[in-house]
Amino acid sequence: MALKRRGLWAATWLVVLTAGLAAQSGAPPAVQQPTFRVRVDLVTTDVIPRDAKGNFVSDLTKDEFEIYEDGVKQQLTSMTMSHGGRITNVLAPPPVQLTSEGLVLPARRTVNDVSGRIFVFFVDDLHLQFHNTGRVRELFKKISKSLVHEGDMFGIVATGTSAISTQMTYDKKRLDEAIERMTGSELKPEEIINGPSGGQGPTEVRFRAHVAFSTVNELLRNLEKIHDRRKALVYVSDGYDFNPFQDARLGLMDPSSPFLQNDFQRTLNADAQGQGVTLPTGTDSQSAQMRQAGEFSFADLARELGEVTRQANRSNVTMYTIDPRGLVGMPDVDQPIDPQQWNAYIRNSQDSLRVLAEETGGIAVVNSNDYDKALKRIDAETSDYYILGYYSTNPDPTHRRRKIDIRVTRKGITDVAQRKEYVLRPQMQAPGTPPVPEALPVMPESKQP
């Protein structure tokens with residue numbers, strides 16, 4: 001579902017430095033040299049320092065923080081502290097400029113408890129099972145009751161049949177209205193197995209994932225324009241697997257198996273082997289090619305997840321992923337899936353949610369029915385924090401992936417929760433210069449093909 005864009009405003013600080021390389025005049029005809037544009041933004045990052053008892057330390061000064069980017073110490077230019085949801089500007093940020101694009105932010109109003117928190121709820125209903133619609137709605141009722149407080153600003157977006165696109169608001173009634181419209185429309189295993197497949201796997205699976213990721217990326221780009229608040233994206237989805245039920249989908253199972261498989265594809269495989277419908281060995285060239293094509297899907301998924309997490313880190317947005325399936329058992333009785341393929345599908349989809357959360361400093365609530373505990377932790381992490389800002393002095397503008405290390409000099413601080421890196425936007429490069437590679441997010445080793 002495409003997001004509607006309207007006349008918008010948001011706060012942004014940036015400095016643009018332009019350096020032109022002029023061509024030297026001489027006997028040969030003048031050759032125009034490429035122009036390089038280097039953009040230096042205010043880098044903001046969330047920090048949660050805790051003492052030995054796990055309590056948030058709320059009285060640190062700017063002199064007790066040290067920020068290093070790629071090992072180079074940076075100068076702290078802005079510092080905001082939130083304790084119990086109350087915001088204190090310890091070090092005022094640079095002057096604010098207004099822009100006409102971004103999120104629709106309502107006028108700030110005076111409330112008794114100014115939290116200043118910003119939540120965006122992403123309902124990936126294209127990857128939510130229909131029969132779990134009740135569970136999803138109950139989850140959001142818990143979120144409305146225990147996570148969203150007076151003074152919090154939030155928005156809600158869905159990708160499919162729920163048709164939800166609620167712009168930023170303080171009014172919790174809008175959340176209650178959206179809850180009643182949430183409906184899952186995930187593909188059933190049978191639909192995936194018997195659905196069309198291309199050289200990159202199931203086409204509908206890829207399309208739905210692309211819709212979800214493109215929607216999230218647009219949300220994150222809008223949130224990038226806000227620097228002085230902790231921004232949390234609560235991501236509700238069953239997760240992603242670009243190569244689900246491979247053997248069943250490609251007809252490579254025993255024909256006498258009681259489990260679902262694509263009978264049409266199985267027949268084609270048997271005809272190609274020049275024999276009756278028997279168990280394929282998996283060593284013939286056609287089967288090997290199909291399996292190899294499926295293995296590349298893991299790298300494709302990692303690349304898509306990498307784009308989302310890089311944008312989240314650029315926008316200083318922490319992602320909290322929640323799998324509403326809870327503790328996952330066996331598939332429904334009307335979906336007889338091979339147990340090994342089902343377990344692999346569940347494991348891969350949960351791992352994708354772990355990557356989104358862990359790569360952005362959040363937590364993944366997967367394979368658990370204790371949502372109350374998870375929401376309390378999210379509430380605490382979005383209420384007690386520091387936001388530190390600095391202008392990068394990194395001398396190499398072509399080095400796009402930047403490592404961040406934040407240290408607290410006060411004794412007794414045993415844990416400093418922070419994001420570890422961010423990646424600059426791609427900039428114009430000289431003709432013939434190869435693009436700077438970007439590392440993929442780290443997926444669990446057990447799942448790598």
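Reference entry: report on the structure contained in this document. Being a predicted model, the structure only gives us computed values, none of them experimental.

**Side note on the sheet that holds strand 11 (residues 165–169)**
Consideration 1: Taken together, six strands build an open sheet; the order of strands is 11-10-9-14-15-16 and the sheet is mixed. Strands with a single pairing partner mark the edges of an open sheet, and in this sheet they are strand 11 and strand 16 (364–365).
Consideration 2: Strand direction decides the pairing type here: strand 9 (residues 118–123) and strand 14 (residues 231–236), joined by six bridges, are parallel. Among the inter-strand pairings, Val123 is bridged to a residue of strand 14, identified as Val236.
Consideration 3: Along the sheet, helix 4 (residues 203–223) makes contact with strand 9, strand 10 (153–158), strand 14 and strand 15 (317–322), crossing strand 9 at roughly 170°.

**Describing a negative patch on the surface**
Consideration 1: On the surface, a cluster of negative charge is contributed by Glu190, Glu191, Asp332 and Asp334.
Consideration 2: With respect to the helices, strands and loops of the structure, Asp334 is situated in the loop between strand 15 and helix 8 (339–358).
Consideration 3: Looking at Asp334, the relative accessible area reads 44%, which means it is partly exposed.

**Quick word on the packing of helix 1 (residues 133–146) against helix 2 (residues 172–179)**
Consideration 1: Taken N-terminus to C-terminus, the directions of helix 1 and helix 2 make an angle of 170°; their axes are 10 Å apart at the nearest point. Comparing the axis directions of helix 1 and helix 2 gives the class roughly antiparallel. Within the contact between the two elements, helix 1 uses Arg137, Phe140, Lys141 and Ser144 and helix 2 uses Lys172, Leu175, Asp176 and Ile179.
Consideration 2: Among the residues forming the contact of helix 1 with helix 2, the class breakdown is three nonpolar, one polar and four charged.

**Examining the environment of Leu388**
Consideration 1: Its place among the elements puts Leu388 in strand 17 (residues 385–391).
Consideration 2: Residues Leu388 and Ile406 lie 18 residues apart in sequence; the distance between their C-alpha atoms is 9.5 Å.
Consideration 3: Those residues within four positions of Leu388 in sequence are excluded, and the remaining contacts are Val43, Thr44, Thr45, Val47, Phe65, Ile67, Leu76, Ser78, Met79 and Ile406.

**Focus on helix 2**
Consideration 1: Buried within helix 2 are the following residues: Leu175, Ala178 and Ile179. Around the axis of helix 2, the buried residues are gathered within 105° of arc, so they sit on the same side.
Consideration 2: In this structure, the buried residues of helix 2 make contact with helix 1 and strand 10.
Consideration 3: Where helix 2 begins, the capping side chain belongs to Asp171, and its oxygen is found 3.0 Å from the backbone nitrogen of Lys173.

Scoring rules and cut-offs
- Residues numbered from 1 in each chain as written.
- Predicted model: local features only at pLDDT ≥ 70, side-chain atom pairs only at ≥ 80, totals over all residues.
- Heavy atoms only, no water.
- Pairing = 2+ DSSP bridges.
- Helix = DSSP H or I, 4+ residues; strand = E, 2+ residues; numbered from the N terminus.
- Contact = heavy atoms within 4.5 Å.
- Axes fitted to C-alpha atoms, helices over the stretch in contact; angles between N-to-C directions.
- Patch = residues over 30% accessible without salt bridge, like charges linked within 9 Å, V, L, I, M, F, W, Y side chains within 5 Å.
- Areas by Shrake-Rupley, 256 points an atom, 1.4 Å probe, with all protein chains shown as cover.
- Salt bridge = Lys/Arg side-chain N within 4 Å of Asp/Glu carboxyl O.
- Lys, Arg positive; Asp, Glu negative; His and termini not counted.
- Charge placed at Lys NZ, Arg CZ, Asp CG, Glu CD.
- Buried < 20%, exposed > 50% of the residue type's maximum accessible area, 1.4 Å probe, protein only.
- Parallel < 35°, antiparallel > 145°, perpendicular 65-115°, else oblique.
- Nonpolar A, V, L, I, M, F, W, Y, C, P; charged D, E, K, R; others polar.
- Arc of directions from axis to C-beta.
- Polar contact = N/O pair within 3.5 Å; in protein donor to acceptor, adjacent residues only side chain to side chain.

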